[in-house]
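Now for the letters of each chain:
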Amino acid sequence: MSTFTTSDGTEIFYKDWGSGQPVLFSHGWPLSADDWDSQMLFFRDHGYRVIAHDRRGHGRSAQPSGGHDMDHYADDLAALAEHLDVRDAIHVGHSAGGGEVTRYLGRHGQGRVEKAVLISAVTPSTVQSEANLDGLPRSAFDGLQAQLAASRTTFFRDLPAGPFYGFDRPGAERVDAVVDNWWRQAMMGAANAQYDCVNAFAHEDYTADLAKITVPVLVMHGLDDQIVPYAATAPRTAQLLHDGTLLSYPGYPHGMPTTQADTINADLLAFFRS
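Here we summarise the structure given alongside this text. Computed from a prediction, not measured in an experiment: that's the story for all the values here.

Now for the nonpolar core. Counting residues in hydrophobic clusters, the biggest one holds 29 residues, and the most contacted among them are Leu24, Leu80, Val86, Tyr104, Leu105, Ile213 and Val217. Counting only elements with at least two residues in this core, the list comes to strand S2 (11-17), helix H2 (70-83), helix H3 (96-108), strand S6 (113-119), strand S7 (217-222) and helix H8 (230-240). The leading source of residues in this core is H2, at five residues. Beyond its immediate chain neighbours, meaning those up to four positions away, Leu105 contacts Gln110, Val113, Ala116 and Ile213. One finds Leu144, Leu159, Trp182 and Cys197 within the second-largest nonpolar core, a separate group that totals 28 residues.

See below:
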């Protein structure tokens, strides 16, 4: 099992497959690197070196009592890039992972990075405010934490079976294997890390980070995202970037890299090669 240890002594698990230009994937809450299996197999077979890690407190990584915030997540990602000495990399982040990639670029610079992709990302902010009327009220995120604390195993079944993949929409066909895999990944992580991570992705503002990014960035978001509202995030993110391109997907849910993998992978490949 491949791991490295951060400066604060946290052991981080990662996968590193193939050869060629490196693509680093940052997963969403509360999952693991396994959520990228469809993308990693696809891009490995298209000549890329694919790398994905389990965020601290998630998956197979260590479960420390603290450090579950975006600055630590970004520092861990930077440490991984340095540990593997990746250069001219493409970073891809989904949901909270999009916040991680954005904070990494804003905090550590772009010296090792060629491009980035933000999929269903929490940037620039998900919380409702005078500047972001389309955001979610803080009570929505408090509710996530309350449900996690009350019965993590139940909550982590209900979320993917419902809004995460859009399986609650009329006419949608639930795929039990997808729900089971989501639950498996989520239950591998630490409850304290997942609880604190809600604060990390929900209450951060990434405006300053986005303004620092000059490499090309593809912003991908489903118009039927019930987890991270499209209007509050994707268009605003693309506008704040120096070189941002927005791709919007009518009817696609938050978990579209899984449910619409063929489309998402094809669009990612086109951007990688552009």
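Back to the write-up after that little detour.
Note that Thr6 resides in the loop between strand S1 (3-5) and S2. Side-chain polar atoms of Thr6 contact the side chain of Asp8, separated by 2.4 Å. In contact with Thr6, other than residues within four places in its own chain, are Ile12, Arg56 and Asp76.

This brings us to the sheet that holds strand S3 (residues 22-26). Across the sheet, which stays open at both edges, the eight strands sit in the order S1-S2-S4-S3-S5-S6-S7-S8 with mixed pairing between neighbours. In the strand order of this sheet, the two ends are held by S1 and strand S8 (244-249), each with one partner. For this sheet the average axis-to-axis angle between neighbouring strands, irrespective of direction, equals 20°. Judged from the four bridges that link them, S2 and strand S4 (residues 49-53) form a sheet pairing that is antiparallel.

If you walk through the whole model with that rule in mind, you get 15 aromatic pairs. A ring pair is formed by Phe25 and Trp36, whose centres lie 4.9 Å apart and whose planes are at 40°; its orientation type is tilted. With Phe25 in strand S3 and Trp36 in the loop between S3 and helix H1 (37-45), this pair connects stretches of sequence that are 11 residues apart. Classification of Phe25 by relative accessible area gives buried; the value is 1%. A relative accessible area of 2% places Trp36 in the buried class. An aromatic cluster is built from Trp29, Phe155, Phe156, Phe164, Tyr165, Phe167, Trp182 and Phe201, whose rings are joined through pairwise contacts. Positioned over the ring face of Tyr73 is Arg55, at 5.3 Å from the centre of the ring.

Let us now look at the environment of Pro124. With respect to the element layout, Pro124 can be found in the loop between S6 and helix H4 (138-164). Each C-alpha atom of the pair Pro124 and Gln185 lies 26 Å from the other, and the pair is 61 residues apart in sequence. Sequence-distant contacts of Pro124, that is, excluding residues within four places in its chain, are made with Glu204, Asp205, Tyr206, Thr207, Leu210, Ala232, Thr233, Arg236, Thr237 and Leu240.

Next up on the list: the pattern of salt bridges. Tallying each qualifying case throughout the model produces 20 salt bridges. Notably, a salt bridge pairs Asp85 with Arg112, separated by 3.1 Å at the nearest N-O pair. Of this pair, Asp85 sits in the loop between H2 and strand S5 (89-94) while Arg112 sits in the loop between H3 and S6, placing them 27 residues apart in sequence. The partly exposed category is assigned to Asp85, whose relative accessible area is 41%. One salt bridge in this structure joins Asp224 and Arg169, with 2.6 Å as the shortest N-O distance.

Attention shifts here to H4. For the α-helix, the turn length of 3.6 residues means that residues three or four positions removed from each other point alike. Its 27 residues place the ends of H4 only 19 Å apart at the C-alpha level, less than the 39 Å of an ideal helix rising 1.5 Å per residue. All of the buried residues in H4 are Phe141, Leu144, Gln145, Leu148, Arg152, Phe155, Phe156, Leu159, Pro160, Ala161, Gly162 and Phe164. Two residues or fewer past H4, Gly166 is found with a positive phi of approximately 70°.

Below, the discussion takes up the environment of Asn181. You can see Asn181 is positioned in helix H5 (residues 176-188). Sequence spacing of Asn181 and Leu31 is 150 residues, and the spatial spacing of their C-alpha atoms is 9.6 Å.

Turning our attention to helix H10 (residues 261-273). The terminal C-alpha atoms of H10 lie 18 Å apart, and with 13 residues this matches the ideal 18 Å at 1.5 Å per residue to within 8%. Listing the buried residues of H10 in full gives Ala261, Ile264, Asn265, Leu268, Leu269, Phe271 and Phe272. Axial view of H10: buried residues confined to an arc of 165°, hence all on one face. Facing away from the buried side of H10 by more than 90 degrees, the exposed set consists of Asp262 and Arg273.

Conventions and cut-offs
Counting restarts for each chain: residues are numbered from 1 in the order of the written sequence. The predicted nature of this model means local features are confined to residues of pLDDT at least 70 and side-chain atom pairs, given and counted, to a pLDDT of 80 or more, with totals for whole chains, interfaces and linings taken over all residues. Only hydrogens and water are set aside when side-chain values are computed; all heavy atoms of the structure are taken into account. Buried Ala, Val, Leu, Ile, Met, Phe, Trp, Tyr and Cys residues form a nonpolar core when they are joined through side-chain atoms within 4.5 Å. Only protein chains enter the calculation, and the probe is 1.4 Å; a residue is then buried if its accessible area is under 20% of its type maximum, exposed if over 50%, and partly exposed in between. The numbering of helices and of strands both runs from the N terminus, where a helix is a DSSP run of H or I of at least 4 residues and a strand a run of E of at least 2. Every residue pair with non-hydrogen atoms within 4.5 Å of one another is taken to be in contact. Any N or O atom pair separated by 3.5 Å or less is treated as a polar contact, with the protein-specific requirement of one donor-capable and one acceptor-capable atom, and with residues adjacent in sequence counted only for side-chain atom pairs. When DSSP finds two or more bridges between a pair of strands, those strands are recorded as paired. All axes are obtained by fitting lines to C-alpha atoms, using only the stretch in contact for helices, and the reported angles, taken between N-to-C directions, cover 0 to 180 degrees. For Phe, Tyr and Trp, where Trp contributes only its six-membered ring, two rings pair if their centres lie within 6.5 Å, and the inter-plane angle classes them as stacked under 30 degrees, edge-to-face over 60, or tilted in between. Both a distance and an angle decide whether a charge sits over a ring: NZ of Lys or CZ of Arg must be within 6 Å of the ring centre and within 35 degrees of the ring normal. A carboxyl oxygen of Asp or Glu within 4 Å of a side-chain nitrogen of Lys or Arg is what we treat as a salt bridge. A helix is expected to span 1.5 Å multiplied by its residue count minus one. By arc we mean the arc of the directions from the helix axis to the C-beta atoms, nothing more.

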